Amino acid sequence: MAQRGLPQSKEALLKSYSARLKDDVKSLLENFEEIIKLAKGESDSQLSRMTQCEQDTYEMHVRSANIVRAGESLMKLVSDIKQYLILNDFPSVNDAITQNSKLFRQKQSEADQKLMMLRDDMAADLYDLEEEYYNSVYKCRIAD
Amino acid sequence: MAYSVNVAIEAPIENQIQEISYDGTEVYQQPLSMSESLSKLAAKIDFGKGQEEKEEKPNEKQEDEAAAKDPAAYQSSLWPWDSVRNKLKNALTEVCVLSDVLAIAKEKRYLVLDPVPQDPPEIKAMVTVYARKKALGGAAAVLLTGAERLRTSQSELVRNRSVPDFHLELLQLRKNWRLKKVGNSIIGDVSYRTAGSKFAQSGMFEVSKAEEDTPSNWSPPPPQSPNAGPAPPKTPSALRVTLPSELQGVAFIEVHCRKDDEALFSTTVTSASLNTAGPMPDMHWQKKLEAAQNVLFCKELFNQLAKEAVQLPGPIPHMVVGNQIVASILPGIQLIIGLRHSTSSNSKKSSGPPQQKKSDHDHVLEHSIHQLLREVHHKNTHHPFPHPSSGPLGPSKQRCLAGPTAVDRHELTEMSKSQTLLEQIIEQTQHFTMRRRTEYVLDTIAKEVRDPLIVSHWNSINSPTKACVKVNILTHGYDTICRTLLTIHVGKKSLKCICRDGSVMNMSYEIQELRDLLICQIHQHQITAVQALAKCMGWQLLSNSMHLGVGEVQQMGNASSCILASPIGDRLIAVRCEPQAGVHVSIAHSPRKDFFPSQLVKERKWENLGGSYKEVRWDKMEGKNFLNKMELLMASLTSSS
């Protein structure tokens, strides 16, 4: 299998991607839950009400910011995985190379063929033109 | 009446019954001593009770007594005064703490004692609700802002179809170039190392994401990438390619062929698009990378050539000065190969000279210089089979066949010789010069010599160091009677001419030799043609000599001649052809029609011996060319009688 051939670092990288995914999703869920809990407001503490409210407000802000961060981190993860795939997808690169080389070979043979035809035509025409030129009285000045 | 009854008053059983044996005997506990009784009572004191609880003490005491009656409770105590001691100790600790707190509180630096409001403030439920609502609202705002940001970035991608996705472009880039990820950056390579190049300079470049809203990197789409469809002419690229400074700009290799401080021709090795486009800082990455690859290629080529020029032993050592290699190819002719690298800063200055020399641009030499290095690259990676899979080198195909075909030492040493790039280029340039010279000589002679036409046909199949030209000498109007064919092989430093009679002439690079040969051939052609014409006219060939030994010595070659007799033999024509002086024609009558006997020649029969020749004033003759004049002359001299 291709998976077995992966070097250690690649393996670790893939694992870190999956860990990041889990962490971010967990963070989304946990923070949301915590916000809901705070909204219930059943905490008994010795703090005064105002302090408690202030603390709750602050905590909610931080937790919602955490949710946003986790979401953006997921986007970053998607982008990273895309990049990883693009850079390490050797089968598709090989396909592209094969396709390109096939295309260029085809172009080469086409160009060769055309050049050959052109050469033959030109040789034939050149023969006639040379014949005509050297037989004529008018000859151009020869540049050194 | 009094009789008394003794009433026994006994103390109640003071001692508690410890146990009753089976025979009914009661075993009593020993009564407590005074000290024991005291300690027992002391243990019952609850020091923790407050003042206010003291009223209830008598009741408690009763309870305590009841508890004390339980022997287990009493016996659990390890030491009679243990609980008392513990309680006293606790009390001491609390008093100490209290005193400490009071001491700190007195300082008023760390602790301030404030009266505790007796009544907690009234909490209004609505206030809490509003506070929560506000907190939730803030959290929701943060979430919405984040979501909005994600949404805008997504919708922008959808809306701006003209802005290609970074990953799509990266994929496109990956398909055409080598990329790898190092740390957080993406590194690419433009070098030809995978194609067999062994040049030390690296062609690393860095790929990064272009910043948003930068109209500076608007550029035409990649023309060479085969998969890219016809994109709109101006698309902003999401990729940014950062090249090292030594690979930026445009480079090309300039080749001059100089003859005594005069440029014969020059060629510039560069792709035409780069020559015109110039190094723009905001080029599309594909073009930018192609330019960088070209720079690297030119550098490698020049490096290789310079290395060879220094190492190559020769009669005239090659010089490498700065970015120029000067190699002498033929006496008086030098080949100058220069590396021109223009970065964006000085592009305008250096793009001037190549424009002027464009008329001398030689695509063939440009192509062959390219081809030579590519061939080297190809050889580096494509070894003939079989070769060891792990080894970088394998024996050549010739070497593989050397064993089975029993090659001797000489052939093997010949096999090991290989030409360097510079040698090959020099050879090609030599051939180029030789070809130019041959062309020049042929055209000049064709122009100078009007009478026999000189028609040359260049062979279309040739190699970079070998060409062939067929020269046809004929007279206009008489081309079926006689034509002289020559084949000239143009080599690297020599010419080989195969003449009509099969003789092979080898000539050096001096063009005068070829010119002399051609002029000799032209005059030989005239004599041969006259003979062929005479045959047609019924005249007889009396004598013929291609290399006449008489007459004045020619500067070049030999004069050739022939003598023709009319059908009835009464007229003679003598033709003498000299390469320098041209043609002389003389005629003689024998016998003369009118005979006047003199004292010396008395009889007519002596006239048959032939008389003296009279030269014909050839330039006054009628006729278009030499053969035509000869024909007319012969016709006029042919008598019917």
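Please read all numbers here as calculations on a predicted model, not as lab measurements. (Residues numbered from 1 in each chain as written. Chains lettered and ligands numbered in written order. Predicted model: local features only at pLDDT ≥ 70, side-chain atom pairs only at ≥ 80, totals over all residues. Heavy atoms only, no water.)

## A look at the overall build of chain A
Then, in step 1: When its secondary structure is counted, chain A shows three helices and zero strands.
Then, in step 2: Helices and strands in chain A line up, N terminus first, as α-α-α.
Then, in step 3: Buried residues in chain A amount to 22% of all 144 residues.
Then, in step 4: When contacts within chain A are restricted to residue pairs at least 6 apart in sequence, those whose partners lie at least 24 apart make up 76%.
Then, in step 5: Just so you have it, chain A exposes about 10700 Å², and 60% of that area is on carbon and sulfur atoms. (Helix = DSSP H or I, 4+ residues; strand = E, 2+ residues; numbered from the N terminus. Buried < 20%, exposed > 50% of the residue type's maximum accessible area, 1.4 Å probe, protein only. Contact = heavy atoms within 4.5 Å. Areas by Shrake-Rupley, 256 points an atom, 1.4 Å probe, with all protein chains shown as cover.)

## Things to note about the overall build of chain B
Then, in step 1: Each helix and strand in chain B was counted, giving 16 helices and 23 strands.
Then, in step 2: The buried share among the 641 residues of chain B stands at 34%.
Then, in step 3: Sequence-distant contacts, at least 24 apart, represent 57% of the contacts inside chain B between residues at least 6 apart.
Then, in step 4: Carbon and sulfur atoms form 55% of the exposed surface of chain B, whose accessible area is close to 39900 Å².

## Concerning the packing of helix α8 (residues 285-311) of chain B against helix α14 (residues 421-448) of chain B
All names here are of chain B.
Then, in step 1: At a minimum axis distance of 8 Å, the contact between α8 and α14 shows a crossing angle of 90°. Relative to α14, α8 is oriented roughly perpendicular. Together, L301, Q304, L305, E308 and A309 of α8 and L421, L422 and I425 of α14 make up the contact between the two elements. (Axes fitted to C-alpha atoms, helices over the stretch in contact; angles between N-to-C directions. Parallel < 35°, antiparallel > 145°, perpendicular 65-115°, else oblique.)

## Topic: the confidence of the model for chain A
Then, in step 1: Looking at chain A as a whole, the pLDDT averages 86, with 89% of positions reaching at least 70.
Then, in step 2: Per-element confidence in chain A ranges from a low mean pLDDT of 88 for helix α2 (residues 49-88) of chain A to a high of 92 for helix α3 (residues 90-135) of chain A. (pLDDT = per-residue confidence, 0-100.)

## Structural notes on the nonpolar core
Residue and element names in this part refer to chain B.
Then, in step 1: Grouped together as the largest cluster of nonpolar side chains are 75 residues, with contacts concentrated most on L170, L173, F205, L289, I337 and I488.
Then, in step 2: The dominant element in this core, judged by the number of residues it contributes, is α8, at twelve residues.
Then, in step 3: Here this core gathers at least three residues from each of two domains, domain 1 (163-209 + 237-259 + 283-343 + 364-369) and domain 2 (443-523).
Then, in step 4: Look past the residues within four positions of L289 in its chain and what remains in contact with it is L173, W177, V190, F205, V241 and L243.
Then, in step 5: Listed in part, the 25 residues of the second largest apolar core include I527, C562, I573 and V575. (Core = buried A, V, L, I, M, F, W, Y, C linked by side-chain atoms within 4.5 Å. Domains from an automatic or database assignment.)

## Here's the deal with the sheet that holds strand β4 (residues 185-189) of chain B
Then, in step 1: With respect to topology, four strands assemble into an open sheet ordered β3-β4-β5-β8 (chain B), the strand pairing being antiparallel. The sheet terminates laterally at β3 (178-182) and β8 (239-242) of chain B, the two strands that pair on one side only. Direction aside, neighbouring strands of the sheet carry axes that sit 35° apart on average.
Then, in step 2: Of the pairings in the sheet, the one linking strand β5 (residues 204-209) of chain B to β8 of chain B comprises four bridges and is antiparallel in character. Note that in β8 of chain B the partner of S208 of chain B across the bridge is R240 of chain B.
Then, in step 3: Of the strands in this sheet, β3 and β4 of chain B touch α2 of chain A, which is tilted by about 135° from β3 of chain B. (Pairing = 2+ DSSP bridges.)

## What to know about the interface of chain B and chain A
Then, in step 1: The interface of chain B with chain A comprises 43 residues on the first partner and 43 residues on the second.
Then, in step 2: A buried area of about 4200 Å², summed over both sides, lies between chain B and chain A, and 63% of it is on carbon and sulfur atoms.
Then, in step 3: When the buried surface of chain B facing chain A is broken down by residue, R132, H167 and R174 of chain B rank first, second and third, together holding 15% of it.
Then, in step 4: At the boundary of chain B and chain A, one finds one salt bridge.
Then, in step 5: Its salt-bridge partner being R149 of chain B, residue E72 of chain A comes within 2.5 Å of it at the nearest N-O pair. (Buried area = accessible area lost by both parts, 1.4 Å probe. Salt bridge = Lys/Arg side-chain N within 4 Å of Asp/Glu carboxyl O.)

## Here's the deal with a negative patch on the surface
All names here are of chain A.
Then, in step 1: On the surface, a cluster of negative charge is contributed by D121, D125, D128 and E132.
Then, in step 2: Tracing the backbone through its elements, the reader meets D125 in helix α3.
Then, in step 3: Using a relative accessible area of 45% as the deciding quantity, one classes D125 as partly exposed. (Patch = residues over 30% accessible without salt bridge, like charges linked within 9 Å, V, L, I, M, F, W, Y side chains within 5 Å. Lys, Arg positive; Asp, Glu negative; His and termini not counted. Charge placed at Lys NZ, Arg CZ, Asp CG, Glu CD.)

## Quick word on unusual backbone geometry
Residues and elements named next belong to chain B.
Then, in step 1: At K108, a residue that is not glycine, the phi angle is positive and equals roughly 65°.
Then, in step 2: Residue position: K108 is located in the loop between α4 (82-107) and α5 (125-159).
Then, in step 3: A residue is classified by how much of its surface remains accessible, and K108, at 64% relative accessible area, is exposed.

## Here's the deal with the pairing of β4 of chain B
Residues and elements named next belong to chain B.
Then, in step 1: Within β4, four of the five residues are buried, leaving the element largely enclosed by the surrounding structure.
Then, in step 2: Relative to β4, β3 is paired through five bridges, and the arrangement is antiparallel. In the sheet register, V182 faces β4, and the bridge partner there is S185.
Then, in step 3: The hairpin turn running from β3 into β4, its antiparallel successor, is two residues long, and G183 in that turn takes a positive phi close to 65°.

## Regarding the packing of aromatic side chains
Then, in step 1: The final tally for this structure, using the stated rule, is four aromatic pairs over all chains.
Then, in step 2: Here Y17 of chain A and Y84 of chain A contribute two aromatic rings whose centre-to-centre distance is 5.8 Å and whose plane-to-plane angle is 80°, an arrangement assigned as edge-to-face. Of the two residues, Y17 of chain A is situated in helix α1 (residues 8-40) and Y84 of chain A in helix α2; the sequence distance between them amounts to 67 residues.
Then, in step 3: Centroid distance W618 of chain B to F626 of chain B: 5.6 Å. Interplanar angle 55°. Geometry classified as tilted.
Then, in step 4: The buried category is assigned to W618 of chain B, whose relative accessible area is 12%.
Then, in step 5: The ring of F297 of chain B is capped by R374 of chain B, whose NZ or CZ atom sits 4.2 Å from the centre of that ring. (Phe/Tyr/Trp six-rings, centres within 6.5 Å; stacked < 30°, edge-to-face > 60°. Lys NZ or Arg CZ within 6 Å of the ring centre and 35° of its normal.)

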